[in-house]
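Inside the fold
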Amino acid sequence: MVTVNTQFKQAEACGVAEYVADRHFEGQLEGRFYRSSCSRGVIDDVQLPTFPPGYHLFSASDVPGKNELPIVENDWPAFADKEVRYIGQVVYLLVGPDPEVLEDLIKQIKITYISSTPAFTISQSQAMKDGPICGSDNQFDHHELIKGDIDKGFAEAVTIIEDSCSTSYQEHLYLETQGVIGYPKEGKIVIEGSMQCPWYVHHCMSHVLGHDKVRAIQCTTGGGFGGKEDFPDVLAGPLAVAVEHLQLPIRLIFNRTEDIAFTSKRHPVEFNYRTGVDKDGKIVAMDLKLDINSGGYFSLSGIVLQRSLTTCTNVYDIPNVRVSGTAWATNTVPNGAFRGFGAPQTCFAIETHLSHVAKETGQDPAAFKQAHFLTSQSKTLTGAEIYGDMVLDQMMTRADELSDYHEKVKSYAAQVQMSDDKFGKRRGIGLAVFQHGCGFAGDLEDILVKAKVAIVKDPQGNVEILASNTDIGQGLSLTFCKIVAETLDIPLDRVHQARPDTDKVPDSGPTVASRSILIVGYLLENAAKELKENWIEGVEQRFEQVYKKPDYHHWDQQTYQGNAYQATSYGINVVEIELDLVTCQSEILGLWAVYDVGHAIDALVFQGQIDGGLVQAIGYGSSEKLELNEQGTFAQKSMADYVIPTSLDVPKIVSSLVENPYEFGPQGAKGGGELTHNGGAAAYVAAVESAIGVNISSIPVTPELISELLYGCENGDESGGKNED
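This is a predicted model, so every value here is computed, not measured. (Residues numbered from 1 in each chain as written. Predicted model: local features only at pLDDT ≥ 70, side-chain atom pairs only at ≥ 80, totals over all residues. Heavy atoms only, no water.)

Considerations on the overall build of the protein chain
When helices and strands are counted, the protein chain shows 19 helices and 27 strands. For a compact globule of 725 residues, the expected C-alpha radius of gyration is about 27 Å, and the protein chain comes in at 26 Å, within 12% of that figure. For the protein chain, buried positions account for 61% of its 725 residues. Relative to all contacts within the protein chain whose residues are 6 or more apart in sequence, the contacts with residues 24 or more apart total 80%. With the model as given, the accessible surface of the protein chain reaches about 27500 Å², and the carbon-plus-sulfur share is 49%. (Helix = DSSP H or I, 4+ residues; strand = E, 2+ residues; numbered from the N terminus. Rg over C-alpha atoms; globule rule 2.2 N^0.38 Å. Buried < 20%, exposed > 50% of the residue type's maximum accessible area, 1.4 Å probe, protein only. Contact = heavy atoms within 4.5 Å. Areas by Shrake-Rupley, 256 points an atom, 1.4 Å probe, with all protein chains shown as cover.)

Here we look at the pattern of salt bridges
In total, this model carries 34 salt bridges according to the counting rule given. The salt bridge involving Arg215 is made with Asp501; its shortest N-O contact spans 2.6 Å. Placement of Arg215 in strand β13 (residues 214-218) and of Asp501 in the loop between β21 (495-497) and α15 (516-533) is noted, with a sequence separation of 286 residues between them. Two residues, Lys369 and Glu351, come together in a salt bridge whose shortest N-O distance is 2.9 Å. Note that Lys369 is positioned in helix α10 (residues 365-370) and Glu351 in helix α9 (residues 343-360), a separation of 18 residues in sequence. Accessibility expressed as a relative area gives 2% for Lys369, which makes it buried. For Glu351, a relative accessible area of 2% puts it in the buried group. Salt bridges sharing common partners tie together Lys188, Arg215, Asp501 and Asp503. (Salt bridge = Lys/Arg side-chain N within 4 Å of Asp/Glu carboxyl O.)

Considering the pairing of strand β20 (residues 463-466)
Side-chain alternation along β20 places Val463 and Ile465 on one buried face and Glu464 and Leu466 on a second face that is also buried. By the bridge criterion, four bridges tie strand β19 (residues 452-457) to β20 in an arrangement that is antiparallel. Its bridge partner being in β20, Ala454 is matched across the sheet by Leu466. Between the end of β19 and the start of β20, which pair antiparallel, lie five residues, with Gly461 showing a positive phi angle near 95°. Bridge analysis of β20 against β21 gives three bridges, and the strand direction is parallel. Bridge assignment links Val463 to a residue of β21, and that residue is Val495. For the crossover from β20 across helix α14 (residues 476-488) to β21, the handedness is right-handed. (Pairing = 2+ DSSP bridges. Right-handed = clockwise from strand over helix to strand, strands pointing away.)

Comments concerning the packing of helix α16 (residues 603-622) against helix α18 (residues 680-692)
Relative orientation of the contacting elements α16 and α18 amounts to 50°, with a least axis distance of 7 Å. It follows that α16 is oblique to α18 by the angle criterion. As α16 runs across α18, the sense of the crossing is right-handed. Facing α16, whose interface residues are Leu614, Ala617, Ile618, Tyr620, Gly621 and Ser622, α18 presents Gly680, Ala681 and Tyr684. Residue composition of the contact of α16 with α18, grouped by class: six nonpolar, three polar and no charged. (Axes fitted to C-alpha atoms, helices over the stretch in contact; angles between N-to-C directions. Parallel < 35°, antiparallel > 145°, perpendicular 65-115°, else oblique. Left-handed = near helix turned anticlockwise from the far one by under 90°. Nonpolar A, V, L, I, M, F, W, Y, C, P; charged D, E, K, R; others polar.)

Some details on the side chain of Thr479
Mapping Thr479 onto the fold places it in helix α14. Setting aside residues no more than four positions away along its own chain, Thr479 makes contact with Ile517, Ile601 and Val605.

Considerations on the pairing of strand β16 (residues 283-295)
Burial runs high along β16: twelve of the 13 residues are buried. By the bridge criterion, nine bridges tie strand β15 (residues 269-277) to β16 in an arrangement that is antiparallel. If you follow Thr275 over to β16, its bridge partner there is Met286. Between the end of β15 and the start of β16, which pair antiparallel, lie five residues, with Gly281 showing a positive phi angle near 80°. Judged from the nine bridges that link them, β16 and strand β17 (residues 321-329) form a sheet pairing that is parallel.

Looking at the sheet that holds strand β26 (residues 586-596)
Taken in spatial order, the four strands line up as β18-β25-β26-β27 in an open sheet, and their pairing is mixed. Each edge of the open sheet is held by one strand with a lone partner, namely β18 (425-438) and β27 (653-657). Averaged over neighbouring strand pairs, the angle between their axes works out to 15° when direction is ignored. Summarising the sheet, β18 and strand β25 (residues 567-580) pair through 14 bridges and their orientation is antiparallel. Looking across to β25, one finds that Gln435 is bridged to Tyr570.

Description of the sheet that holds β16
The strand order across the open sheet built from five strands is β9-β17-β16-β15-β10, with neighbouring strands paired in mixed fashion. The open sheet has two free edges, formed respectively by β9 (139-147) and β10 (159-167), since each of these has just one partner strand. Here the strands of the sheet are splayed against their neighbours by 10° on average, with no regard to which way each runs. The sheet contact formed by β9 and β17 spans eight bridges and is antiparallel. Residue pairing in the sheet places Lys147 in a bridge with Val321 of β17. Against the sheet, α9 makes contact with β10, β15 and β16, and its axis sits at roughly 145° relative to β10, the strand it touches most.

That is the geometry; function is a separate question.
In structure tokens:
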């Protein structure tokens, strides 16, 4: 039996796969956006040039349906009509045959704005200068979650530690920029594109056009990391309007500068902790306030906030917790989905804070954290019983075996004092423990998504998978095929996945939230079992499956009580560095990773997720600086000044999986794609703290920041007033 698909990704590797930029249709036109140059204001006056024959301009007045992008809330207009909330917001779509003429026409458009004072940061949003951007208080969303008795917990504390942590933006920097192409076909408006969620685009087109004669098709896609979850709607909505009006094919593709400047980013988050520790060195109370910067429109901020709240205590059993979270409106590009969906921010903050608490109370950070691990007898922050076995202690042992963590901690603690060797190098090692809830938050899978899949066997015995989940480089199509082939016990090359096309595949939900394997893979496994039991030679057969949540899964969306996610995966990362005290540059000497993802269906595919996710996380924690200038646009504009790790910056990653099969996952598998991004930044920061003996509270930890921490002279103190080992 063939168990390895030697043709997997062959087309991409050989350059014959068609990405959206490779698609071409007779009479095809090009599209370009005209964008707001005002970060907050109202359109007062517009002067348009005379358009040559064959060139067209589309605006809010051309929308036949609703001028809204239906992304959770309908507050984000497809075309800005009167109000603009950020620089780069789409005002017009220009269409014509020559891109250079389009660029020239864009330069001739003049808009005058009545501007107001913009808010770019959370504190500026809270100040509400010139009034609120939205609602009465600039709050898109707010929730509070309580476990135990917070006052009783603090009454038992002998030490109370206050601490703050913050995270910044992160750019997806997928290999292929955003792009779509639209055309009329058989009475429908069709959009093909680089996208994660064809049914989202289908819904957006239908909403904007006011009818459902639409179709969305995923092209071969060069990466997404969440950036192609909701953002393709920003292109597809206006483009659908133009295609329907002209009845001609139109292509709209961002260049790299445009993509970095105007697409959604990872939410910056600010955390403020107040943590109580009792006489035995155990945490008895934690009061946390977290605020997330949403940008100009709500987008997916509510879901990011929910994940941040429900997972804020990470893998730890803390008896008394109060956490309040708020999503704030600001005048930047709306922040959206990004691998981890709020979890990398939360994991960095709680891991870093607990290390600070451990050091403040004279305890070893790793031992302190392990003493607070959730066990199979614990209840989660949201009051649910732990389903299945917890194997964190086993994972901790394995991480130590691979990295020699504890011995290196002792060794590096004995390094010569920095004050005696300011021109040398110091080594450090850091560890982070983390989790990721798989699937949509709460019970959205059951009450909203209701995923549906089908498999079809032809008379020759070949099997086609019909699902809307997309392979964006993570290897999903191969894993789906392996689930079905191994269940049916047929060769792998007799199973293939149909292209995600809303005219052909049922809505099995989006390719997000580490749900594809857990939710959709399980449906496919069950459909394959049904086919196997009813297999008839020489006959076409079709079997469908619709999601139904497991009996143990309960959730109350009003109180945030119950199983915050259907299942949870876990991980431990260890990072070892050597830091040059003169340049403050760090060299990564070792990366180790241990995971519980239930069972890896294809270990090599998951190895790719491990390597990619961990390196992306290291970049998030160390070098990927994305900062706003005074106008509210990003200072970093290209791959030359937004610094991501390369293959030269990381050593071979050593990883290990702990088997812990999950009853309701295919072959026992849980989700793992986002998990691999959650812990790397925290482990890197812990390693830097270990090397320099200074507490760090924000990421990215660039050489400039380390230099400032070590040699800042605000008080005439070369150590920056910080503690050393």
